[in-house]
Amino acid sequence: MKFSVTKQRSFWWIISGVAILASLVAMIISYSTIKAPLRPNLDFVGGTRLQLELACAAQNNCSKPLTTDEVQNILSEQGLGNSSVQIIDNYSLSIRTQTLDVEQRTRLQTALNERIGQFDPETIQIDTVGPTVGRELFRSGLLALVLSFFGIIVYLSFRFQFDYAFFAIVALFHDVLITAGVFSILGLMANVEVDSLFLVSLLTIIGFSVNDTVVIYDRVRENFALTPDLSVSEIVDNAVNQTLGRSINTTLTALLPLFAIFLFGGTTLKFFALALIIGFAAGAYSSIFIASTLLAWWRERQQKTQVVKEM
């Protein structure tokens, strides 16, 4: 059964438009709330992060779970009211605050032990990043994203034509915006932060998505040469059908290990895997339903304009 992607292109565009609009709204709300479109990790803003676990968690005999309110009250008494608090698995605590020296950290840990309960000293993790290093990491990450987009435009313009490259970049922006939007929502609702691994995931998503788009575009170009008598929509539909199995199989084989990492991997890689899951799914969708249909629409528009001029 032949699948026509171009006949329902308005429907595909509406789905993407709604997803992109929701992502932009979430980032605007996030910016108005925390002064950043996504909740930044220590990697970007600098400061100190302490991760502690109650000693009773190892024996599974804790009387009650931790609450953010009681921790926030202690932080406020220490002059750290602007700190971010996250409860992990009921009995573990992650605190992100301004840069603390040894004396300030010791005073805070003592207050937590006295007011909340004994924390296991062997599980304490302390990370400190200077604001200068954080800004440099952020600038380097953005530069890598910009250069990757520029390199893709140049490569696709030489290999195909500029309109191919332009719509491939539109599809990539689609994937990046949706991934960022989901993490903006998670940042608002669950205090999920983005770190340098998130930028790595965006670069990986870009590479995966453009690879799928190039496969479809390569088949479109071949079909233009082999079947010039067909309409643009028919040529694009044929190209999508000829590569659909490959796109689905490639995406599924990439997603399966990512789901395994997300479900059973450590905390460090959990949200990295989630970003890749969202981005790979969005990339497969945009390659099939966005990049191809936009190219078909544009080529049909060019043909109509050319006919009008000849008349």
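Here is a short report on the structure shown in this document.

### Details of the overall build of the chain
Link 1 in the chain: Secondary structure summary: the chain contains ten helices and four strands in total.
Link 2 in the chain: Listed N to C, the secondary structure of the chain is α-α-β-α-α-β-β-α-β-α-α-α-α-α in terms of helices and strands.
Link 3 in the chain: A globule of 311 residues ought to have a C-alpha radius of gyration of about 19 Å, yet the chain, at 25 Å, is considerably larger.
Link 4 in the chain: By principal-axis analysis of the C-alpha atoms, the chain measures approximately 85 × 35 × 30 Å.
Link 5 in the chain: Long-range contacts, defined as pairs at least 24 residues apart, comprise 76% of the intrachain contacts of the chain with a sequence gap of at least 6.
Link 6 in the chain: Side-chain charges in the chain split into 22 positive and 25 negative, and the spacing between the mean points of these groups amounts to 9 Å.

### A short note on helix α9 (residues 232–264)
Link 1 in the chain: In a regular helix each residue adds 1.5 Å, so 33 residues correspond to 48 Å; α9 covers 46 Å between its end C-alpha atoms and thus fits that length.
Link 2 in the chain: In α9, a bend of some 45° at Thr243 exceeds every other bend along the element.

### Overview of the pairing of strand β2 (residues 84–88)
Link 1 in the chain: The sheet contact formed by β2 and strand β3 (residues 92–97) spans five bridges and is antiparallel. Paired with Ser84 across the bridge in β3 is Arg96.
Link 2 in the chain: Count of turn residues in the β2/β3 antiparallel hairpin: three residues, of which Asp89 carries a positive phi of about 55°.

### Focus on the packing of helix α1 (residues 9–34) against helix α7 (residues 162–190)
Link 1 in the chain: Contact pair α1 / α7: the axes reach a minimum separation of 8 Å and the direction vectors enclose 45°. Put simply, α1 runs oblique to α7. In the crossing of α1 with α7, the sense of the turn from one axis to the other is left-handed. The segment α1 lies against α7, with Ser16, Ala19, Ile20, Ser23, Leu24, Ala26, Met27, Ile29, Ser30 and Thr33 engaging His174, Leu177, Ile178, Ala180, Gly181, Ser184, Ile185 and Leu188.
Link 2 in the chain: Counted by class, the contact of α1 with α7 contains eleven nonpolar, seven polar and no charged residues.

### Topic: the environment of Phe224
Link 1 in the chain: Mapped onto the elements of the fold, Phe224 is located in helix α8 (residues 196–226).
Link 2 in the chain: Residues Phe224 and Arg246, 22 residues apart in the sequence, show an inter-C-alpha distance of 20 Å.
Link 3 in the chain: Residues within four places of Phe224 in sequence aside, it is in contact with Tyr164, Val232, Ile235 and Arg299.

### A closer look at the sheet that holds β2
Link 1 in the chain: With antiparallel pairing, the four strands of this open sheet are ordered in space as β2-β3-β1-β4. Edge strands, defined here as strands with exactly one partner in the open sheet, are β2 and β4 (125–129). Strand-to-strand twist across the sheet, computed as the mean angle between neighbouring axes with direction ignored, equals 10°.
Link 2 in the chain: Relative to β3, strand β1 (residues 47–53) is paired through six bridges, and the arrangement is antiparallel. Paired with Leu50 across the strands is Ile95, a residue of β3.
Link 3 in the chain: Along the sheet, helix α5 (residues 102–115) makes contact with β1, β3 and β4, crossing β1 at roughly 30°.

### Some details on unusual backbone geometry
Link 1 in the chain: The residue Lys35 is not glycine, and still its phi comes out positive at about 65°.
Link 2 in the chain: Looking at the secondary structure, you find Lys35 in the loop between α1 and α2 (42–45).
Link 3 in the chain: Unlike most non-glycine residues, Asn191 shows phi in positive territory, near 60°.
Link 4 in the chain: Positionally, Asn191 belongs in the loop between α7 and α8.
Link 5 in the chain: Classification of Asn191 as partly exposed rests on a relative accessible area of 27%.

Cut-offs applied
- Residues numbered from 1 in each chain as written.
- Predicted model: local features only at pLDDT ≥ 70, side-chain atom pairs only at ≥ 80, totals over all residues.
- Heavy atoms only, no water.
- Helix = DSSP H or I, 4+ residues; strand = E, 2+ residues; numbered from the N terminus.
- Rg over C-alpha atoms; globule rule 2.2 N^0.38 Å.
- Contact = heavy atoms within 4.5 Å.
- Lys, Arg positive; Asp, Glu negative; His and termini not counted.
- Charge placed at Lys NZ, Arg CZ, Asp CG, Glu CD.
- Expected span 1.5 Å × (residues − 1).
- Bend = angle between axes of the 7 residues up to and from the residue.
- Pairing = 2+ DSSP bridges.
- Axes fitted to C-alpha atoms, helices over the stretch in contact; angles between N-to-C directions.
- Parallel < 35°, antiparallel > 145°, perpendicular 65-115°, else oblique.
- Left-handed = near helix turned anticlockwise from the far one by under 90°.
- Nonpolar A, V, L, I, M, F, W, Y, C, P; charged D, E, K, R; others polar.
- Buried < 20%, exposed > 50% of the residue type's maximum accessible area, 1.4 Å probe, protein only.

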